[in-house]
Amino acid sequence: LLIFKKKSALISEISTSLLGMFFLGYIPSFWVRLHGLSYLNSLQKINAIAPKAFGPISFGPCVTWWTWTSIVFADVGAYFIGKNFGKHKLATISSAAGSASPNKTVEGALAGFI
């Protein structure tokens, strides 16, 4: 926390704190907005066969679930492709990527993008 430091804070420390508050506070508010989106015609068919204990399935939670699922699959795929097939370190292309995570490979990064 920047409040308890005795020396003056650098601009990079201040921007990191502000961006952290932004990502932790503002971005998740869109999940609440997504949850309120209305039904789609294709989801009405799913609601007809879905168990009534789950309640109606709407478009917003489906979008949120698919977003989180695609992020997990991209990360896991990038990890395993990079571990098994990675030969070129990402640090040779970008020093910032190498300092953040020295074991990342170019092949793993490409697998995560795909």
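The sections below set out a description of the structure shown in this document. (Residues numbered from 1 in each chain as written. Predicted model: local features only at pLDDT ≥ 70, side-chain atom pairs only at ≥ 80, totals over all residues. Heavy atoms only, no water.)

What to know about the overall build of the protein
Thinking step 1. Helices and strands together make up the secondary structure of the protein, namely 6 helices and 0 strands.
Thinking step 2. Beginning at the N terminus, the succession of helices and strands in the protein can be written as α-α-α-α-α-α.
Thinking step 3. Here the protein, with 114 residues, has 13% of them falling under the buried criterion.
Thinking step 4. When contacts within the protein are restricted to residue pairs at least 6 apart in sequence, those whose partners lie at least 24 apart make up 26%.
Thinking step 5. By element, 71% of the accessible surface of the protein is carried by carbon and sulfur atoms, the whole surface being about 9300 Å². (Helix = DSSP H or I, 4+ residues; strand = E, 2+ residues; numbered from the N terminus. Buried < 20%, exposed > 50% of the residue type's maximum accessible area, 1.4 Å probe, protein only. Contact = heavy atoms within 4.5 Å. Areas by Shrake-Rupley, 256 points an atom, 1.4 Å probe, with all protein chains shown as cover.)

Remarks on the packing of aromatic side chains
Thinking step 1. Scanning all chains against the criterion turns up 4 aromatic pairs.
Thinking step 2. Aromatic side chains Trp 65 and Trp 66 sit 4.9 Å apart centroid to centroid with 80 degrees between the ring planes, which places their arrangement in the edge-to-face category.
Thinking step 3. Judged by relative accessible area, Trp 66 falls into the exposed class, the value being 55%.
Thinking step 4. When the ring of Tyr 79 is compared with that of Phe 80, the centres are 5.1 Å apart and the planes differ by 70 degrees; the resulting orientation is edge-to-face.
Thinking step 5. Accessibility expressed as a relative area gives 48% for Tyr 79, which makes it partly exposed. (Phe/Tyr/Trp six-rings, centres within 6.5 Å; stacked < 30°, edge-to-face > 60°.)

Focus: the side chain of Glu 107
Thinking step 1. For Glu 107, the position within the fold is in helix H6 (residues 106-113).
Thinking step 2. Lacking a salt bridge, the buried Glu 107 has Lys 87 as its closest oppositely charged neighbour, with an N-O distance of 7.4 Å. (Lys, Arg positive; Asp, Glu negative; His and termini not counted. Salt bridge = Lys/Arg side-chain N within 4 Å of Asp/Glu carboxyl O.)

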